[in-house]
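Coordinate inspection notes
Each chain, letter by letter, is given below.
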Amino acid sequence: VAPRLAAQPRGGHVCFVEGAGANGGATPGYAAYGATKAALRQAAKSLAAEAAAARAAGAPAGRVGWHLLSPGMLLTPLLLQGTVERWGAAGGGG
């Protein structure tokens with residue numbers, strides 16, 4: 001992807017989406033998920049640093065922007081899994 005973006009006159013952007021585990025915290029039951037999110041954070045920072053050096057040198061790779069998006073918690077079936085049994089239909093405990 002990056003070489004094609006760099007070849008464009010205006011470059012381009014690559015966006016990674018982080019999630020639970022990106023900050024290095026434990027993700028019990030979802031170790032592979034947490035590990036990949038932590039890896040994305042590292043990759044985005046490293047690639048952005050490489051692009052900055054390329055931009056300073058006037059190289060085409062400097063036209064690619066590397067970004068890490070952190071949308072926050074999203075309400076998904078996976079997130080809600082087990083909540084009705086634990087907290088009741090209204091989610092209020094009891």
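These remarks concern the structure in this document. The structure displayed is predicted, hence computed values, not measured ones.

1. Let's talk about the side chain of Glu-18
You can see Glu-18 is positioned in the loop between strand 1 (12–17) and helix 2 (31–56). A polar contact is formed between the side chain of Glu-18 and the side chain of Arg-41, at a distance of 2.9 Å. Once residues lying within four places of it in the same chain are set aside, the contact partners of Glu-18 are Lys-37, Arg-41, Leu-68, Leu-69, Ser-70 and Pro-71.

2. So, the pattern of salt bridges
According to the stated counting rule, one finds one salt bridge in the structure shown. Here Arg-41 makes a salt bridge to Glu-18, at a shortest N to O gap of 2.9 Å. On the criterion of sequence distance, the pair formed by Arg-41 in helix 2 and Glu-18 in the loop between strand 1 and helix 2 is long-range, its members being 23 residues apart.

Criteria and thresholds
Residues numbered from 1 in each chain as written. Predicted model: local features only at pLDDT ≥ 70, side-chain atom pairs only at ≥ 80, totals over all residues. Heavy atoms only, no water. Helix = DSSP H or I, 4+ residues; strand = E, 2+ residues; numbered from the N terminus. Polar contact = N/O pair within 3.5 Å; in protein donor to acceptor, adjacent residues only side chain to side chain. Contact = heavy atoms within 4.5 Å. Salt bridge = Lys/Arg side-chain N within 4 Å of Asp/Glu carboxyl O.

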